[in-house]
Amino acid sequence: NRGEHLRAHIGKGRVGVGDEREACVAAHPFGVEAVAHTEDVAELAASSPDFRFELQEGNLLIMPPADVEHNGIVARLLVWLSVNGFARRVFADTGIAAGPRTGRVPDLVVLYEEPSGGAGQIWLEPGRVLLAVEVVSGSSTGVDRDLKPREYAKAGIVNFWRVEREDGRVTVEMFNLVDGKYQAC
């Protein structure tokens, strides 16, 4: 199956992490378009729990761990959202299927309602997501500031927060979806 095919590429060194926080890594060695799908990544993630994966237009992305400051911000936001009414609907590192060949893992998501079941579920349908939150990382600023918000908007996620960090200061920028694009609140 396709998940075994992706694992075989990892084993042969065709998949790896470059210098960037995110690396597009599933390109075929002969320049053929990658064919990974969200279900492939779900299978791969189940067999490789030490890694975080995203999928961008069929290209597998292997995500290294975030830095301590990033994780601290995510933890504080998770607690704040939890004590302010979203306790059973806020999750860290939960996948969103933005299409059959695109799956992202925002730092936080808030769902419209509590999930039912879900054991083993990796990708949520974007229609279930009320809010996606991304903490901008130095090595992936373009992806965090531009690409991911465009993908979330295209998927119809109505609220997006981008967390900027600069010189020890943290700023949460809030956006609402208006006519298919995010506008600052």
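Everything quoted here is computed from the prediction, not taken from an experiment.

Criteria and cut-off values
- Residues numbered from 1 in each chain as written.
- Predicted model: local features only at pLDDT ≥ 70, side-chain atom pairs only at ≥ 80, totals over all residues.
- Heavy atoms only, no water.
- Helix = DSSP H or I, 4+ residues; strand = E, 2+ residues; numbered from the N terminus.
- Buried < 20%, exposed > 50% of the residue type's maximum accessible area, 1.4 Å probe, protein only.
- Contact = heavy atoms within 4.5 Å.
- Areas by Shrake-Rupley, 256 points an atom, 1.4 Å probe, with all protein chains shown as cover.
- Pairing = 2+ DSSP bridges.
- Polar contact = N/O pair within 3.5 Å; in protein donor to acceptor, adjacent residues only side chain to side chain.
- pLDDT = per-residue confidence, 0-100.
- Patch = residues over 30% accessible without salt bridge, like charges linked within 9 Å, V, L, I, M, F, W, Y side chains within 5 Å.
- Salt bridge = Lys/Arg side-chain N within 4 Å of Asp/Glu carboxyl O.
- Axes fitted to C-alpha atoms, helices over the stretch in contact; angles between N-to-C directions.

Participant: I'd like to hear about the overall build of the chain, residue by residue, with values.
Facilitator: In terms of regular secondary structure, the chain is built from four helices and eleven strands. When each of the 185 residues of the chain is scored for burial, the buried share is 43%. At a minimum sequence separation of 6, the contacts of the chain that also span at least 24 residues come to 56%. For the chain, the exposed area adds up to about 9900 Å²; of that, 53% sits on carbon and sulfur atoms.

Participant: Describe in detail the pairing of strand S11 (residues 181-184), supporting the description with residues and values.
Facilitator: Each regular strand carries side chains that alternate between the two faces of the sheet. Pairing of strand S10 (residues 169-178) with S11, which is carried by four bridges, proceeds in the antiparallel orientation. Bridge pairing in S11 links Val 178 to Lys 181. Adjacent in sequence and paired antiparallel, S10 and S11 are bridged by two residues, among which Asp 179 carries a positive phi angle near 50 degrees.

Participant: Residue-level account of the environment of Arg 88, with values.
Facilitator: By the secondary structure assignment, Arg 88 is in the loop between helix H3 (68-86) and strand S3 (90-92). For the pair Arg 88 and Leu 111, spaced 23 residues apart in sequence, the C-alpha to C-alpha distance is 8.8 Å. Leave out the neighbours within four places in its chain, and Arg 88 touches Glu 114 and Pro 115. Here Glu 114 takes part through its side chain, which lies 3.3 Å from a polar atom of the side chain of Arg 88.

Participant: Tell me about the confidence of the model for the chain, and name the residues and values.
Facilitator: Atom-level detail of predicted coordinates should not be read off regions where pLDDT is low. Chain-level statistics for the chain give a pLDDT mean of 78 and a share of 75% at 70 or above. This stretch, residues 1-33, has a pLDDT under 50; its non-local contacts, to residues over four places away or in other chains, come to 59 contacts.

Participant: Can you lay out unusual backbone geometry for me, pointing to particular residues and giving the numbers?
Facilitator: Of note in the backbone geometry, Asp 93 takes a positive phi value of approximately 55 degrees without being a glycine. With respect to the helices, strands and loops of the structure, Asp 93 is situated in the loop between S3 and strand S4 (95-99). Judged by its relative accessible area of 42%, Asp 93 is partly exposed. One non-glycine residue, Asp 167, lies in positive phi territory at about 50 degrees. Tracing the backbone shows Asp 167 in the loop between strand S9 (159-166) and S10.

Participant: Can you explain a nonpolar patch on the surface? Please cite residues and give values.
Facilitator: Taken together, the side chains of Val 170, Val 172 and Met 174 make up a nonpolar region of the molecular surface, amounting to roughly 220 Å² of accessible area. By the element assignment, Val 170 lies in strand S10. Its relative accessible area of 42% is what places Val 170 among the partly exposed residues.

Participant: So what's going on with the pairing of strand S6 (residues 108-111)? Which residues, and what values?
Facilitator: The side-chain alternation of S6 yields two buried faces, one formed by Leu 108 and Val 110 and the other by Val 109 and Leu 111. The pairing of S3 with S6 spans three bridges and is antiparallel. Paired with Phe 91 across the two strands is Val 109, which belongs to S6. The pairing of S6 with strand S8 (residues 129-135) spans four bridges and is classified as antiparallel. Bridging across to S8, Leu 111 finds its partner in Val 129.

Participant: So what's going on with the sheet that holds S9? Residues and values would help.
Facilitator: Within the open sheet, the six strands sit side by side as S3-S6-S8-S9-S10-S11. Their pairing is mixed. Of all the strands in the sheet, just S3 and S11 have a single pairing partner and so form its edges. Between one strand axis and the next, the sheet turns by 25 degrees as a mean value, whatever way the strands run. Across five bridges, S8 lies against S9 in parallel orientation. By the bridge assignment for S9, Leu 131 is matched with Asn 159. Contacts from H3 reach S3, S6, S8, S9 and S10 within the one sheet, and its direction differs from that of S9 by about 140 degrees. In the packing of helix H4 (residues 141-155) onto the sheet, contacts are made with S8, S9, S10 and S11, and the angle to S9 comes to roughly 170 degrees.

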